[in-house]
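Overview (structure and organization)
Each chain, written out:
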Amino acid sequence: MRFIGNKEKLLDDIYQAVSDKNISKGVFCDFFAGTSNVGRYFKQKGFRVISSDLLYFSYILQKAYIMNNGEPKFTKLIKEIGHSKKRFFSSSFDSIRDHLDDLNGVEGFIYKNYTEEGTRDNTHVRKYFTAENGKHIDAVRQKIEEWKNNKIITTKEYFVLLAALIESVPFYSNISGVYGAFLKQYDPRALKKLKIKPMQFYGGEKDHKVYNGDSMKLIGKERFDILYIDPPYNNRQYAPNYHILETIAKYDSPEIKGVSGMRNYENQKSDFCNKNNALLALEKIASTAKYKHLILSYNSEGIMAKDDILGVLKKFGEVELKNINYRRVKSNSNGKSKDKKLIQEQLYLLTSK
């Protein structure tokens, strides 16, 4: 899934940093979970994971991948819809994917507000999805809610199906990377008929926890062996960049405005997107959270300077800095930095006093 700051390519480096501290088990906290990729990785490595994020669509991914252990059986739903005849052998989840793919489109909130056809008589004509895919998103989202309300699926199964939809939508969205704007012409991927993507399920027996809300409120509630912090590194808030995924996740028909059809995100702002507040927020975490090791993952071009970060963290223990080179994302290639092909992810490793 395309997501700003996605650490998928850096997971092995992060784990190596943890291994270098001779930590192989315990409680791992993913403080700003995003796509939940980091939490999933450490869950597979045997850690008990606690994760949190302001965005509800992130919470859905956490519920499906972190809190849920293994593939749900969907017993009641399969009795209702039957197994798919499209495959020689299909799991319950694959049968449900096929069923959702075959639904007739519905002219719901997404179609009416984020497709060219649905908004043609509006002040702002939006081209986030083709009409067919907009209707399909509405149909799938409404069907999942119907199954939940009729108690044909469990809460666990509900979040798994929502996660499958949320992760599928970006592959058919007419955007360059985020939902702050749509493309004037349709990207080839957006013209393909939307299908629900497969999911990887993560087993285990540990009791993981996930939260939806201000991660700063987790401070003092839990104890962590590793507290992993991956905050925003510039002044662009995450909520407006992913507002349509948030609306699909909540499906709450919000009041929207502007060319992009933005929902209100006043209560989903991060202090780390404000240069004046970022260091204060970091110090609050480092000074009051209960952890043995704190790992801050940060971009070398972030609004917090390296020396300032070190100055804060060194107050609370021994700090080690590791720099990881990686290729710049095209959408971040702006200004004087556009000629740089490589930038650095900085891993600050703090061992508490």
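It should be noted that the structure appears before, not after, this text.
Let us now look at the packing of helix α7 (residues 131-149) against helix α8 (residues 155-168). Across the interface, α7 lies against α8 with an axial gap of 10 Å and an inter-helix angle of 175°. Here α7 is positioned roughly antiparallel relative to α8, judged by the angle of their axes. Residues I137, V140, R141, I144, E145, W147 and K148 of α7 touch α8, and the partners they reach there are Y158, L161, L162 and L165. Of the residues in the contact of α7 with α8, the class split is 8 nonpolar, no polar and 3 charged.

Helix length check: helix α11 (residues 275-288) (14 residues) gives 21 Å between terminal C-alpha atoms against 20 Å at 1.5 Å per residue, within 8%. Within the sequence span of α11, burial applies to A278, A281, L282, I285 and A286. Within α11, the buried residues cover an arc of 125° as seen down the axis, which keeps them to one side. Facing away from the buried side of α11 by more than 90 degrees, the exposed set consists of N276 and L280. Here the buried face of α11 lies against β4 (223-229), β7 (290-299) and α12 (306-313). With a side-chain oxygen positioned 2.8 Å from the backbone nitrogen of N276, the residue opening α11 is N274.

All right, on to the packing of aromatic side chains then. Per the counting criterion, the structure on display carries 21 aromatic pairs. Ring centres of F32 and F272 lie 5.6 Å apart, and the angle between their planes is 80°; this geometry places the pair in the edge-to-face category. Taken as a pair, F32 in the loop between β1 (27-30) and α2 (37-44) and F272 in the loop between β6 (262-263) and α11 lie far apart in primary sequence, 240 residues in all. Of the two residues, F32 and F272, neither departs from the other in class, the shared state being buried. Judged by centre distance (5.8 Å) and plane angle (75°), the ring pair of Y65 and Y202 falls under edge-to-face.

Its identity as a non-glycine residue notwithstanding, Y251 has a phi of 45°, on the positive side. Tracing the backbone through its elements, the reader meets Y251 in the loop between α10 (243-250) and β5 (256-257).

On β1, burial covers both faces: V27 and C29 on one face and F28 and D30 on the other are all buried. Here β1 pairs with strand β2 (residues 48-53) via 4 bridges, running parallel. The residue of β2 that forms the bridge with F28 is V49. Between β1 and its parallel partner β2, the chain crosses via α2, and the hand of that crossover is right-handed. Inspection of the sheet shows β1 paired to β4 by 3 bridges, in the parallel sense. From the neighbouring strand, C29 faces β4, where its bridge partner is L227.

This paragraph deals with the side chain of S52. In this fold, S52 is placed in strand β2. When residues no more than four places from it in sequence are discounted, the contact partners of S52 are D30, F31, F32, A33, Q62, Y211, G213, S215 and L218.

On inspection of all chains with the given rule, the structure shows 17 salt bridges. The partner of E146 in a salt bridge is K143, with the nearest N and O atoms 3.4 Å apart. Here E146 and its partner K143 are both found in helix α7, 3 residues apart, which amounts to about one turn of the helix. The shortest N-O distance in the salt bridge between R189 and D187 comes to 3.6 Å. Given a relative accessible area of 29%, R189 falls into the partly exposed group. Judged by its relative accessible area of 21%, D187 is partly exposed. Each of E107, E117 and K135 takes part in salt bridges that share partners, so that together they form one network.

Definitions and limits used
Residues numbered from 1 in each chain as written. Predicted model: local features only at pLDDT ≥ 70, side-chain atom pairs only at ≥ 80, totals over all residues. Heavy atoms only, no water. Axes fitted to C-alpha atoms, helices over the stretch in contact; angles between N-to-C directions. Helix = DSSP H or I, 4+ residues; strand = E, 2+ residues; numbered from the N terminus. Parallel < 35°, antiparallel > 145°, perpendicular 65-115°, else oblique. Contact = heavy atoms within 4.5 Å. Nonpolar A, V, L, I, M, F, W, Y, C, P; charged D, E, K, R; others polar. Expected span 1.5 Å × (residues − 1). Buried < 20%, exposed > 50% of the residue type's maximum accessible area, 1.4 Å probe, protein only. Arc of directions from axis to C-beta. Polar contact = N/O pair within 3.5 Å; in protein donor to acceptor, adjacent residues only side chain to side chain. Phe/Tyr/Trp six-rings, centres within 6.5 Å; stacked < 30°, edge-to-face > 60°. Pairing = 2+ DSSP bridges. Right-handed = clockwise from strand over helix to strand, strands pointing away. Salt bridge = Lys/Arg side-chain N within 4 Å of Asp/Glu carboxyl O.

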